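# A structural walkthrough
The chain contents come next:
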Amino acid sequence: MSNHSDVIVIGAGFAGLVASRELSRRGHSVTVLEGRDRIAGRTHLEQHLGRDLELGGTWVHWTQPYVWAEMGRYGIEPVPGAEFTKAYWHAQGQRHEGTADELMDLLDAPNQQLLAEARRYFPLPWSPLANPEVSIIDSTNLSQAIEAMDLPEAQRQLLRSFWALNFNGKLDEAAYSQALRWAAVASGSWQLMFEACASFKIEGGTRRLAQAILEDSTAEVHLGQQVRAVRQDDDLVVVTTDDGSKYSAKNLIVTVPLNVLAHIEFQPELSTAKRAAAERGQVGMGAKLWIRVKGVHERFVVMGPENAPLNFAQVEYTDAQTTTLVCFGPDAGAVDVHDKQAAQMHLDQLVPGLEVVAIAGHNWVDDEYSRSTWPMHKAGYLSGSLAELQKPEGRIHLAGSDYANGWGGFIDGAIESGISAARTVLRELAGEESAQNLQSV
Ligand SMILES: Cc1cc2nc3c(=O)[nH]c(=O)nc-3n(C[C@H](O)[C@H](O)[C@H](O)COP(=O)(O)OP(=O)(O)OC[C@H]3O[C@@H](n4cnc5c(N)ncnc54)[C@H](O)[C@@H]3O)c2cc1C
């Protein structure tokens, strides 16, 4: 077969790009097969509403060591986001108004209580299974954890809305352990955790960082190559794409999102536990929508009802005549990213009196290459699936944000996991080379 290399990497998101850089810089031939016509996966910087907008992953932070190091490596600076002065929040059918600090104060006590045990369950946050007691709480979902708390109803609703935002999905599926683990990687502080998720962007956008990693690699990248099938035997892995092309390699790194995994045919099949995890999928099935409104507005943040089509919005940019908001909702099916009139209705529910000029967004859940947004775990995933998904299957290795140890769900986790998979494959290739050398002696 002419399309042969040492390693094939499926997917050119951050995990795939980093894995292929690590391997190709050590002299291995690497072929990257990417289904889309672009790199960077669930991050996508594109011109909309008169500026470059991040349609997917955006924010990074120095508590996220892998992405921060990559930015440092390529001389890419962080860009601080807007400071908020005003806040609105919804509770018990009422809209309240105050300062951003007041809203943070309201969230403080309930979050402290909810996350008090973060460091006990995750004493070594990058070894999420270090404390076996994790399995005891792993079947609890966030809805149950919050309902078990003794809270005034208004605070409970606010707390639920906050976590529905964080998971970009439904709380009755969301793992409580994921919330604790997330707080643990931010040293147990919910404020730091929140800051990490919405304060600093990448100068030049995610595209610039992805491009820098790609240019630092000698991997051969094939865009528009959707992988349909993977077959492995004792010596080789053969990958077939939708146009019938075949590629072979000694090792394969699969970086497709968990929710996409079941749409690739593996022969022999992946383990039962891996397939079960892929069938269950992730919680993040929501929406991210950019809305430009008339007029220059004070920098505000708004938290809406937990299950409103848009349950969160914040001011991101202002110019002479308009204000651009970034908004999120827990259900992609409830938000048409092309319907301006519907966006007006959703926004009216959050903050009345704003006139929508234009909208932009991408439906990541309808997208066959992602089928999810940021991968937040379901109850039971951590103790039941993560270690299994990280385990190589013959010559096949899974990598990506869905399978990370630390900031799982984030760009940082994708990079961590890509580096880890590349390290394992490097070891395997070195083992095969020394075995071959021994045979030829
Ligand atoms: C709306 C949204 C907001 C987010 N916000 C943030 C944020 O602010 N900060 C943050 O850190 N993270 C954020 N994330 C999460 C972050 O973007 C992802 O966790 C990360 O980019 C995932 O990288 P990955 O390489 O693991 O997977 P992906 O980026 O999904 O890469 C997988 C690649 O595989 C390709 N692929 C899939 N199927 C096939 C196939 N059959 N054949 C060939 N190729 C295939 C895909 O096209 C894709 O390029 C957000 C994500 C979304 C969607």
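Above this text sits the structure in question.
Residues numbered from 1 in each chain as written. Predicted model: local features only at pLDDT ≥ 70, side-chain atom pairs only at ≥ 80, totals over all residues. Heavy atoms only, no water.

### Overview of the pattern of salt bridges
- Counted according to the given criterion, the structure contains 24 salt bridges.
- A salt bridge links Arg120 to Glu117, with the nearest nitrogen and oxygen atoms 3.0 Å apart.
- By relative accessible area, which is 34% here, Glu117 ends up partly exposed. (Salt bridge = Lys/Arg side-chain N within 4 Å of Asp/Glu carboxyl O. Buried < 20%, exposed > 50% of the residue type's maximum accessible area, 1.4 Å probe, protein only.)

### Topic: the nonpolar core
- Membership of the largest hydrophobic core comes to 81 residues, with the highest contact counts inside it found for Leu114, Leu142, Trp163, Trp182, Val230 and Leu261.
- Taken domain by domain, the makeup of this core includes at least three residues from each of domain 1 (4-41 + 204-281 + 375-440) and domain 2 (82-198 + 287-363).
- Setting aside anything within four residues of it in sequence, one finds Trp163 in contact with Asn111, Leu114, Leu115, Leu142, Ile146, Leu171, Ala179, Trp182 and Met193.
- By size, the runner-up hydrophobic cluster in this structure holds 34 residues, among which are Ala12, Val18, Ile39 and Val67. (Core = buried A, V, L, I, M, F, W, Y, C linked by side-chain atoms within 4.5 Å. Domains from an automatic or database assignment. Contact = heavy atoms within 4.5 Å.)

### Description of helix H12 (residues 272-280)
- Restricting attention to buried positions, one finds in H12 the residues Lys274, Ala277 and Ala278. Projected onto a plane normal to the axis of H12, the buried residues spread over an arc of 100° and lie on a single side. Summarising the geometry of H12, the exposed residues directed more than 90 degrees from the buried face are Thr272 and Glu279.
- Tucked inside the fold, the buried residues of H12 contact helix H11 (258-261), helix H14 (381-390) and strand E19 (396-398). (Helix = DSSP H or I, 4+ residues; strand = E, 2+ residues; numbered from the N terminus. Arc of directions from axis to C-beta.)

### Describing the packing of aromatic side chains
- Taken as a whole, this structure holds 14 aromatic pairs when the rule is applied.
- For the ring pair Tyr88 and Phe300, a centre distance of 5.5 Å and an interplane angle of 75° mean the geometry is edge-to-face. Note that Tyr88 is positioned in strand E6 (residues 86-91) and Phe300 in strand E15 (residues 300-303), a separation of 212 residues in sequence.
- Ring geometry for Trp163 versus Phe167: centroids 6.2 Å apart, planes at 55°, classification tilted. Of the two residues, Trp163 and Phe167 both sit in helix H7 (residues 153-167), four residues apart, roughly one turn of that helix.
- The class for Phe167 is buried, based on a relative accessible area of 0%.
- Through a chain of ring-to-ring contacts, the aromatic side chains of Phe162, Trp163, Phe167, Trp182, Trp190, Phe194, Trp407 and Phe410 assemble into a single cluster.
- The ring of Tyr317 has Arg51 lying over it, and the distance from NZ or CZ to the ring centre is 4.2 Å.
- Here the guanidinium or amino end of Arg120 rests over the ring plane of Tyr121, the centre of that ring lying 4.5 Å away. (Phe/Tyr/Trp six-rings, centres within 6.5 Å; stacked < 30°, edge-to-face > 60°. Lys NZ or Arg CZ within 6 Å of the ring centre and 35° of its normal.)

As far as function goes, none of this settles anything; it's purely spatial.
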